[in-house]
Amino acid sequence: MHDTNYAEFYRRSVEAPEQFWADQARAIDWHRPWDQVLDGSRKPFARWFVGGMTNLCHNAVDRHLPERAGQPALIYVSSETGEERTYSYAELHREVQTMAASLRALGVEAGDRVLIYMPMIPEAVFAMLACARLGAVHSVVFGGFASVSLAARIDDARPRVIVSADAGSRAGKVIPYKPLLDEALRLSTHPAAQVLIVDRGLAPWDRVAGRDRSYAELRATHANDAVDCVWVDSTHPSYILYTSGTTGRPKGVQRDTGGYAVALRMSMEVIFGGRPGETYFSTSDIGWVVGHSYIVYAPLLTGMATVLYEGTPIRPDAAVLWRIVEQYRVNLMFSAPTAMRVLRRHDPALLTRHDLSSLRAIFLAGEPLDEPTGRWVAESMNKPVIDNYWQTETGWPILATPAQFPETRARFGSPGVAMPGYQVCLRNEHDGAPVAAGEKGVLAIDWPLPPGCLQTVWGDDARFVNTYWGTYPNLQVYSTFDWGRQDADGYIYILGRTDDVINVAGHRLGTREIEESVSSHAAVAEVAVVGVHDALKGQVAWAFVVPKPGQLPSGGNDALEQSIAAHVDAQLGAVARPQRIYFVSALPKTRSGKLLRRAIQAVCEGRDPGDLTTLEDPIALDQIPAAIAGA
Ligand code: AMP
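Residues numbered from 1 in each chain as written. Predicted model: local features only at pLDDT ≥ 70, side-chain atom pairs only at ≥ 80, totals over all residues. Heavy atoms only, no water.

The next point concerns the overall build of the chain. Assigned secondary structure in the chain consists of 19 helices and 32 strands. Computed over C-alpha atoms, the radius of gyration of the chain comes to 24 Å, within 12% of the 25 Å expected from 2.2 N^0.38 for 631 residues, which places it in the range of a compact globule. Overall, the chain is about 70 × 60 × 55 Å in size when its C-alpha atoms are taken along their principal axes. A fraction of 71% describes how many contacts in the chain between residues 6 or more apart in sequence connect residues 24 or more apart. With an accessible surface of roughly 23,800 Å², the chain has 50% of that area assigned to carbon and sulfur atoms. Distance between charge centres in the chain, computed from 60 positive and 71 negative side chains, equals 1 Å. (Helix = DSSP H or I, 4+ residues; strand = E, 2+ residues; numbered from the N terminus. Rg over C-alpha atoms; globule rule 2.2 N^0.38 Å. Contact = heavy atoms within 4.5 Å. Areas by Shrake-Rupley, 256 points an atom, 1.4 Å probe, with all protein chains shown as cover. Lys, Arg positive; Asp, Glu negative; His and termini not counted. Charge placed at Lys NZ, Arg CZ, Asp CG, Glu CD.)

With that out of the way, let us pick up the pairing of strand S11 (residues 194–198). Extensive coverage of S11 is indicated by the burial of 4 of its 5 residues. With 5 bridges connecting them, strand S8 (residues 161–165) and S11 associate as parallel partners. Bridge pairing in S11 links Val161 to Gln194. Where S11 meets strand S12 (residues 212–214), 3 bridges bridge the pair, whose relative direction is parallel. (Buried < 20%, exposed > 50% of the residue type's maximum accessible area, 1.4 Å probe, protein only. Pairing = 2+ DSSP bridges.)

For the ligand, the set of nearby residues contains 14 residues, the closest of which are Asn388, Thr392, Asp482, Arg497 and Arg508. Here a nitrogen atom of the ligand sits 3.1 Å away from a polar atom, N or O, in the main chain of Gly366. Between the ligand and Asn503 there is a distance of 3.2 Å, counted from an oxygen atom to a side-chain nitrogen or oxygen. Relative to its unbound accessible area of 500 Å², the ligand is 93% covered by the protein chains. Contributing elements (two or more residues each) for the shell around the ligand: strand S20 (385–388) and strand S27 (492–497). Split by residue class, the shell around the ligand holds 4 nonpolar, 5 polar and 5 charged. (Near = heavy atom within 4 Å. Polar contact = N/O pair within 3.5 Å; in protein donor to acceptor, adjacent residues only side chain to side chain. Nonpolar A, V, L, I, M, F, W, Y, C, P; charged D, E, K, R; others polar.)

What follows covers the packing of aromatic side chains. Tallied over the entire structure, the rule returns 36 aromatic pairs. Ring plane angle 55° and centroid distance 5.4 Å describe the contact between Trp30 and Phe49, whose orientation is recorded as tilted. Taken together, the positions of Trp30 in the loop between helix H2 (17–25) and strand S1 (36–39) and Phe49 in strand S2 (residues 47–50) put the pair 19 residues apart, joining distant regions of the chain. The residues Trp30 and Phe49 share a single accessibility class, namely buried. Each ring, one from Trp469 and one from Tyr478, has its centre 5.8 Å from the other, and the planes form 65°; the classification is edge-to-face. For the residue pair Trp469 and Tyr478, the accessibility class agrees, reading buried in each case. Note that Arg153 overlies the ring of Phe145, its terminal NZ or CZ placed 4.7 Å from the centroid. When the ring centre of Tyr491 is taken as reference, the NZ or CZ atom of Arg411 above it lies at 3.8 Å. (Phe/Tyr/Trp six-rings, centres within 6.5 Å; stacked < 30°, edge-to-face > 60°. Lys NZ or Arg CZ within 6 Å of the ring centre and 35° of its normal.)

Let's shift gears to the packing of helix H10 (residues 258–270) against helix H11 (residues 289–301). In the contact formed by H10 and H11, the axes pass within 9 Å of each other and the chain directions differ by 85°. With respect to H11, the element H10 is oriented roughly perpendicular. On the side of H10, the interface is formed by Tyr260, Ala261, Leu264, Arg265, Ser267 and Met268, while H11 contributes His292, Ser293, Tyr294, Tyr297, Ala298, Pro299 and Leu301. (Axes fitted to C-alpha atoms, helices over the stretch in contact; angles between N-to-C directions. Parallel < 35°, antiparallel > 145°, perpendicular 65-115°, else oblique.)

The next subject is the nonpolar core. The nonpolar side chains of a soluble globular protein tend to be buried, and buried together. Ranked by internal contacts, the top residues of the largest apolar core, which has 119 residues, are Leu103, Leu129, Tyr294, Tyr297 and Trp396. The element that contributes the greatest number of residues to this core is helix H6 (residues 122–134), accounting for 10 residues. Once residues lying within four places of it in the same chain are set aside, the contact partners of Leu129 are Cys57, Ala60, Val61, Leu92, Val96, Val296, Tyr297 and Leu300. Within the second largest apolar cluster, 31 residues are counted, among which are Val77, Phe281, Leu321 and Ile324. (Core = buried A, V, L, I, M, F, W, Y, C linked by side-chain atoms within 4.5 Å.)

Our focus in this paragraph is the sheet that holds S20. Strands sit in the order S5-S4-S17-S16-S18-S19-S20 across an open sheet of 7 strands; the sheet is mixed. Both edges of this open sheet fall to strand S5 (84–88) and S20, since each of them pairs with a single strand only. Direction aside, the axes of adjacent strands within the sheet are offset by 20° on average. Of the strands in this sheet, strand S4 (72–78) and S5 touch helix H5 (residues 89–105), which is tilted by about 90° from S5.

What follows deals with the pairing of strand S14 (residues 239–243). Counting buried positions over the 5 residues of S14 gives 5, a clear majority of the element. Taken together, the 2 bridges between strand S7 (residues 137–140) and S14 define a ladder with parallel strand orientation. When the bridges of S14 are listed, Ser139 appears paired with Ile240. Examined bridge by bridge, S14 and strand S15 (residues 251–255) share 5 bridges and lie antiparallel to one another. From the neighbouring strand, Tyr242 faces S15, where its bridge partner is Gly252.

One key point about sheets: their strands pair by backbone hydrogen bonds, in either a parallel or an antiparallel sense. Read from one edge to the other, the open sheet built from 4 strands follows the order S23-S24-S26-S27, with strand pairing classed as antiparallel. Because the sheet does not close on itself, it has two edges, and the strands there are strand S23 (424–427) and S27. Looking at each pair of strands side by side, their axes are set apart by 45° on average, direction ignored. One ladder, built from 6 bridges, connects strand S24 (residues 440–446) with strand S26 (residues 477–486); its direction is antiparallel. Each residue of the ladder has a partner; that of Val442, found in S26, is Trp483. Contacts from helix H15 (residues 461–469) reach S24 and S26, with the element oriented near 20° to S26.

As structure tokens, this is what we get:
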């Protein structure tokens, strides 16, 4: 069925979801058709395409072989090492089978977890697809995370095998991964997993006998092995991806197989306007959800070529992304507002130095897109800039202006309208009643979440139900924990988080996680971490620390600040390091002992801290501006 306008298309998706998604599901291959499109017998859980059997790797790779074996599938570009290599669909098929055979030789079977802690190299993509091929569950951990973050994820996912590399490289600096992994495994309570190391020759590494293997050896052994796809239930988990919340413990977002394949393929066609044989370039990292959905799965499910880029947007110069667009005739690009704000600090002539005639649009997501940045990109490149809003949990956009329906033109400041299947409603924070147009409310989604969204929290159904569906006990609604406002035409504006999660350069970080790391430093008695507005990164973390009496190092506050920063770097990774660390003698709390992060944040941003009647000790809040001014 062809809809002539988006309103009609969307209406069908929410009024007759089973019919709508069954139509979409025919665009992928099924080994066995489903018996039931949606099983809602255990709300708020939703199981899509129950009884159906499929395989993500088959749909991303094998399915395209008859038509496009010789066409590019994976284009690898590293401005760090200078390597560039294009893998055709046939070559990708070969590499994925070799990786799958290697994992199988290490004992990996359907349902086993494989943790992937890798820089942006082709073997990372081979490993993800190899897991999908075997029905194993991958858990990719962002390479910028350090040993304590990694150990927490190892303990939760309990992988049979960990695939890693000797090192990554960032801005020309080699970053050894193996020592961080060794330390994480030392901290972990999970009995020694097998470790498979892709040796790039960047950093020497110590081999732990009986545990560590070099991929080069297994690759040679399994170079010609054929590994068939293992057909799995549509509801079989395909991956776990950890994300931060309001507690110190990250949540393992669990994704299914069939629903994810169906939703992503639909999203690429309808939202992004991507077509088979075209080239897609997402500047994200495989460690984030954008990397999972829009570097690896959606482009390949669609039969497109996807660019895997290792490097920053400004090395060797700020035209590097556009050089890639020109050279590989990229049709669609996906990036984050921070990357564009970084480019904006460089010569604007660099934006148009290359031939960008192949490029149809630039999609930006992961954090709020400020209007000046959006306009600057659109005007200086003369290309549509399309904001889209979603979360690790949903796996694909909740709000956007879909390319296939040009009447939903982008409005600066709003990511757009609700995407198919998302029954978005802005609700009153107290009782969940829908708010009027133009009023601020919690951005909530009525049950069911469409296919492709999280199935549950890995190993913790109760956490899934309580965290996401527990905001309004009488309603079956999912909370995004974002504030929003909707105009009379259905366009939604995002107004910030309702919880203590912060967003640094498009990366979600939990303030509690950073607090736990800071407070594990020997000289720290107490700490509060808040997100503060930043012109480049959107937000940055500031920490307010109460030192333990008598623990000040000889170098004073400066030495303590450095020591705390190094401690967070080693535990969580530089991505979580507070940009500023201030010292105070007490933190503002309520009489019941609850930390007033909102009030601290307001003071840091020069705003009114609001109602302070519950504040136990007003002096504590006065110390905040004094500490900032004195630093
Ligand atoms: P993550 O799960 O790390 O992708 O973070 C998701 C969160 O990032 C959302 O809940 C929002 O707070 C924020 N976010 C993502 N995309 C946008 C956007 N286009 N505009 C505003 N905020 C966004």
